[in-house]
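Below are the chains, spelled out letter by letter.
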Amino acid sequence: MRKPRFLAPRFLPAFIALVLIGATPAHAADSQWVLAESTLTYHVSHPLHQTDGVSHAARGKGVCHEGQCDFLIAVPVKSFDSGDSNRDLHMIQVTRGAEFPMVTVRTRLPESAANSTNLNADLEIQFAGQTAHYKQVTFQLTKQGTETKLTGAIPATLSDFKIDPPTLLTLPVKNEMPVRVEMTWHPQ
């Protein structure tokens with residue numbers, strides 16, 4: 001009597017391929033985007049001077065499925081440079097950067113938005129241990145080959161994140177802390 005052969009060696013690679021294809025989740029991404037370059041600039045105004053802090057350290061990814069894309073961008077608080085190391089250290093203290101070292105931004109956009117020249121995004125930003133929501137923030141999109149450049153400004157304030165305004169010579173900085181955004185994304 002002959003023993004049954006369930007898998008002949010020559011069929012093994014095909015069987016493994018079928019198992020791997022079947023193991024792919026049904027909700028796999030249709031497409032993905034990666035943040036290639038970024039410049040994030042916050043602006044703080046004081047009666048005696050203006051300050052900008054700049055970071056080029058943001059990382060981000062977008063995952064699209066069934067016409068919707070979920071984006072996550074993260075940037076270390078300590079990566080912002082104002083040109084004054086004492087000011088930067090004080091900023092990290094004021095924003096509780098040791099306890100909350102990352103700023104994260106989440107948004108959901110229709111996949112078709114990548115073909116527009118303007119888009120309005122609802123943003124969820126986590127910073128200094130707080131979460132703020134910004135509705136319909138306008139960004140401009142520019143196509144350059146396969147890359148998409150996004151520019152705009154987020155109308156953030158210190159009070160949005162429950163940050164006490166720092167003072168200089170007993171005068172506090174203004175509550176407004178707009179963040180200019182310049183990002184270049186490309187499909188993965």
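Check the entry above for the structure.
Keep in mind the model is a prediction, meaning the values are calculated, not measured.

(A) Spatial organisation of helix H2 (residues 85–94). For H2, every residue scored as buried is listed here: Asp88, Met91 and Val94. When H2 is viewed along its axis, its buried side chains cluster within an angular range of 125° and face the same direction. More than 90 degrees from the buried face of H2, the exposed residues found are Ser85, Asn86, Leu89 and Gln93. Regarding H2, its N-cap is Asp84, as a side-chain oxygen of that residue lies 2.9 Å from the backbone nitrogen of Asn86 further along. Arg96 lies just past H2 and shows a positive phi near 60°.

(B) Layout of the pattern of salt bridges. Across all of its chains, the model carries three salt bridges by this definition. Taking the shortest distance from any N to any O, the salt bridge between Arg106 and Glu124 comes out at 3.8 Å. With Arg106 in strand S5 (residues 102–110) and Glu124 in strand S6 (residues 118–127), the pair connects residues that are 18 residues apart, well separated along the chain. Arg106 sits in the partly exposed class, given a relative accessible area of 38%.

(C) Inspection of the environment of Leu109 at higher detail. Mapped onto the elements, Leu109 comes out in strand S5. Owing to a relative accessible area of 11%, Leu109 belongs among the buried residues under this scheme. Residues Leu109 and Asn120, spaced 11 residues apart in sequence, show a C-alpha to C-alpha distance of 8.8 Å. What Leu109 contacts, discounting residues up to four positions off in sequence, is Gly67, Gln68, Cys69, Phe71, Leu119, Asn120 and Ala121.

(D) Structural detail: the side chain of Thr104. Along the polypeptide, Thr104 turns up in strand S5. Classification of Thr104 by relative accessible area gives buried; the value is 15%. Contacts of Thr104, omitting those with residues within four sequence positions, involve Leu72, Ile73, Ala74, Glu124, Ile125 and Gln126.

(E) Quick peek at a nonpolar patch on the surface. On the surface, Leu48, Leu168, Leu169 and Leu171 cluster together to form a nonpolar patch covering roughly 380 Å² of accessible area. Note on Leu171: relative accessible area 36%, which makes it partly exposed.

(F) Layout of the state of the cysteines. Summed over the entire model, instances satisfying the criterion amount to one disulfide. Disulfide partner of Cys64: Cys69, at an S-S distance of 2.0 Å. Looking down the S-S bond of the Cys64 and Cys69 bridge, the torsion is 105°, so its handedness is right-handed.

How each quantity is defined
- The numbering scheme is per chain: residues are counted from 1 as the chain's sequence reads.
- Local features are withheld for residues below a pLDDT of 70 in this predicted model, meaning they are given only at 70 or higher, and side-chain atom pairs are given and counted only at 80 or more; totals for whole chains, interfaces and linings count all residues.
- In computing side-chain values, all of the structure's heavy atoms are included and hydrogens and water are not.
- Exposure categories follow from relative accessible area, calculated using a 1.4 Å probe and restricted to protein chains: below 20% of the type maximum is buried, above 50% is exposed, and the middle band is partly exposed.
- Each helix is a run of H or I in the DSSP string that is no shorter than four residues. Each strand is a run of E no shorter than two, and both are numbered from the N terminus.
- Throughout, the arc means the angular range of directions from the helix axis out to the C-beta atoms.
- Any pair of nitrogen or oxygen atoms within 3.5 Å is treated as a polar contact; in protein, a donor-acceptor pairing is required on top of that, and neighbouring residues in sequence qualify only through side-chain atoms on both sides.
- Any carboxyl oxygen of Asp or Glu within 4 Å of a side-chain nitrogen of Lys or Arg constitutes a salt bridge here.
- In what follows, a contact means two residues having at least one pair of non-hydrogen atoms within 4.5 Å.
- Residues with no salt bridge and a relative accessible area higher than 30% make up the patches, which join like charges within 9 Å and nonpolar side chains (Val, Leu, Ile, Met, Phe, Trp, Tyr) within 5 Å.
- Accessible areas in this description were obtained via Shrake-Rupley with a 1.4 Å probe; residue shielding takes into account the shown protein chains only.
- Any pair of cysteine sulfurs within 2.5 Å is marked as a disulfide.

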